[in-house]
Amino acid sequence: EAAAVGAPLQPEVSAGSAASAVVLPERLQRREAERQQGVQRQRQKKEAQVVKEEQSEFFLAAFAREREAVEALLAAGTLEEAAARLQALQKLLTGSVRFLAPYEVRQGQETVARLQGDLAARRQQLQPKKKFAFRTLKKEAAPGSAPRPAEPTPPAPAAPGLGLAEGESGGPPLCGFSGAQDEELELGPAELLQQDVLLSELRGCRVRLRGNPNTLRVRDCRDCTVLCGPVSTSVLVDGCSGCLLALACQQLRTHRTRDCRVYVQVTSRAVIEACSEVSFAPYSWSYPGIERDFESSGLDRNSNNWNLVDDFDWLATDKPSPNWSLIPEQERITCWD
């Protein structure tokens, strides 16, 4: 009986072990396939990291060479060539943003901004005699004509369309406007071409800059509208509030600014720091001759990173910065006149 009872159990055991013999290899194969996929992902990640590091090393070497060349040209007073090399340096940085670390991008932007400031300072250093001679001629002509006592007018920046504003720390005058209130201010292509423009301490003004400046600084302005044609290099917005700005440039930096709407075309990523309630939309201002100004500026109309903004005060990567936003499409300005 024991043998009879044990006999039917034998097929069950062999059937069970046959099933496990089939199931086990399938499970092992699946686990091995997953392991191979993980190895492949790690290899690809490592290869991508190597490529990224090589690209970064190449960029840093090329950037250092170009920076030294610009500094040498500035020291020699070869300003036009320095401006061209500086523009090439900005394009090199812009084209490399996708594989650079954030701190490398920031260092590059700070270097370009410093060189742009050095270029503006050198231009002012090499031109004071011309400006002084021009004022001397005006003084000599004054005694010959009765209406000429209108010499106190130069300090009033919004007067006769000269468009001059004082530079930083009481330096030589830059192209632009300063200290005006509730006025319509405007500069054209001939006045703006490759100039460094400063708008400072304006209140409730509407400013139209139709042309191609080299740089633009908008500083300590309140409740103003600033419409500007394509800027060859950088725009700095600092200490502003309640403003509407339309800007096209290679680099946009915004500091200490709140409650502003920015319609922008920018070829690199815009940067904000110590800002709040800043909103962005694509650049849409236009005027007769703007295509010509875009050509002279060197900006690529097809490259616009208007919705890519780096907030240097927001380090979290899993949550968007609360300091900036995108203007909803239905709320964007389409008619500027």
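An unreviewed UniProt entry lists the protein under the name Tubulin-specific chaperone C, with Panurus biarmicus given as the organism. According to the UniProt record, the Subunit (unreviewed entry) comment for the protein reads "Supercomplex made of cofactors A to E. Cofactors A and D function by capturing and stabilizing tubulin in a quasi-native conformation. Cofactor E binds to the cofactor D-tubulin complex; interaction with cofactor C then causes the release of tubulin polypeptides that are committed to the native state." Its UniProt record, at the heading Subcellular location (unreviewed entry), says of the protein: "Cytoplasm".

Trainee: Lay out the overall build of the protein in plain terms, naming residues and giving numbers.
Mentor: Check the secondary structure of the protein and you find six helices and 15 strands. Within the protein, the proportion of its 337 residues that are buried is 39%. Working note: accessible area of the protein is about 19000 Å², and carbon and sulfur atoms make up 54% of it.

Trainee: Quick one: what's the story with the confidence of the model for the protein, residue by residue and with numbers?
Mentor: Regions with low pLDDT carry predicted coordinates that are not meant to be interpreted in detail. In this model, the protein carries an average pLDDT of 78, and 77% of its residues clear a pLDDT of 70 or more. When pLDDT is averaged over each element of the protein, strand E7 (residues 225-230) comes out on top at 97 and strand E1 (residues 164-165) at the bottom at 37. Overall, residues 1-13 carries pLDDT values under 50, and its contacts beyond four positions in sequence, including any with other chains, amount to zero contacts. Low confidence marks residues 129-173, where pLDDT is under 50. Its contacts with residues over four positions away, or in another chain, come to 38 contacts.

Trainee: With reference to specific residues and values, describe the pairing of strand E3 (residues 184-187).
Mentor: Across the two faces of E3 the burial differs, with Leu185 and Leu187 buried and Glu184 and Glu186 not buried at all. With four bridges connecting them, E3 and strand E5 (residues 206-209) associate as parallel partners. Counted as the bridge partner of Glu186 is Arg208 from E5.

Trainee: Outline the layout of surface pockets, supporting the account with residue identities and numerical values.
Mentor: In this structure, the second largest pocket spans a volume of roughly 570 Å³. Forming the boundary of the second largest pocket are 23 residues, of which Pro102, Arg269, Asp310, Asp311 and Trp314 lie nearest the centre. When residues of the lining of the second largest pocket are assigned to their parent elements, the largest contribution, four residues, is made by helix H3 (residues 102-125). Taken together, the residues that form the lining of the second largest pocket break down as 14 nonpolar, three polar and six charged.

Trainee: Which residues make up the environment of Leu79, and what values go with them?
Mentor: Inspection of the secondary structure puts Leu79 in helix H2 (residues 79-96). Residues Leu79 and Leu119 lie 40 residues apart in sequence; the distance between their C-alpha atoms is 7.1 Å. Once residues within four sequence positions are removed from consideration, Leu79 is found in contact with Leu74, Leu119, Arg122, Arg123 and Leu126.

Trainee: Give a description of the packing of H2 against H3 that names residues and reports values.
Mentor: The packing of two helices is summarised by the inter-axis angle and the distance between the axes. Packing of H2 against H3 brings their axes to within 11 Å, and their N-to-C directions diverge by 165 degrees. In terms of orientation, H2 lies roughly antiparallel with respect to H3. Of the two elements, H2 crosses H3, and the hand of that crossing is left-handed. For the pair H2 and H3, contact is made by Leu79, Glu80, Ala83, Leu86, Leu89, Gln90 and Leu93 and by Val105, Gly108, Gln109, Val112, Leu115, Gln116, Leu119, Arg122 and Arg123, respectively.

Cut-off values and rules
- Residues numbered from 1 in each chain as written.
- Predicted model: local features only at pLDDT ≥ 70, side-chain atom pairs only at ≥ 80, totals over all residues.
- Heavy atoms only, no water.
- UniProt positions renumbered as here; feature names shortened; annotations may be inferred.
- Helix = DSSP H or I, 4+ residues; strand = E, 2+ residues; numbered from the N terminus.
- Buried < 20%, exposed > 50% of the residue type's maximum accessible area, 1.4 Å probe, protein only.
- Areas by Shrake-Rupley, 256 points an atom, 1.4 Å probe, with all protein chains shown as cover.
- pLDDT = per-residue confidence, 0-100.
- Contact = heavy atoms within 4.5 Å.
- Pairing = 2+ DSSP bridges.
- 1 Å grid on protein atoms, 1.4 Å probe; cavity = no way out; pocket = protein on both sides within 12 Å on 5 of 7 lines; lining within 4 Å.
- Points joined across faces, edges and corners; volume = space filled by probe spheres on them.
- Nonpolar A, V, L, I, M, F, W, Y, C, P; charged D, E, K, R; others polar.
- Axes fitted to C-alpha atoms, helices over the stretch in contact; angles between N-to-C directions.
- Parallel < 35°, antiparallel > 145°, perpendicular 65-115°, else oblique.
- Left-handed = near helix turned anticlockwise from the far one by under 90°.

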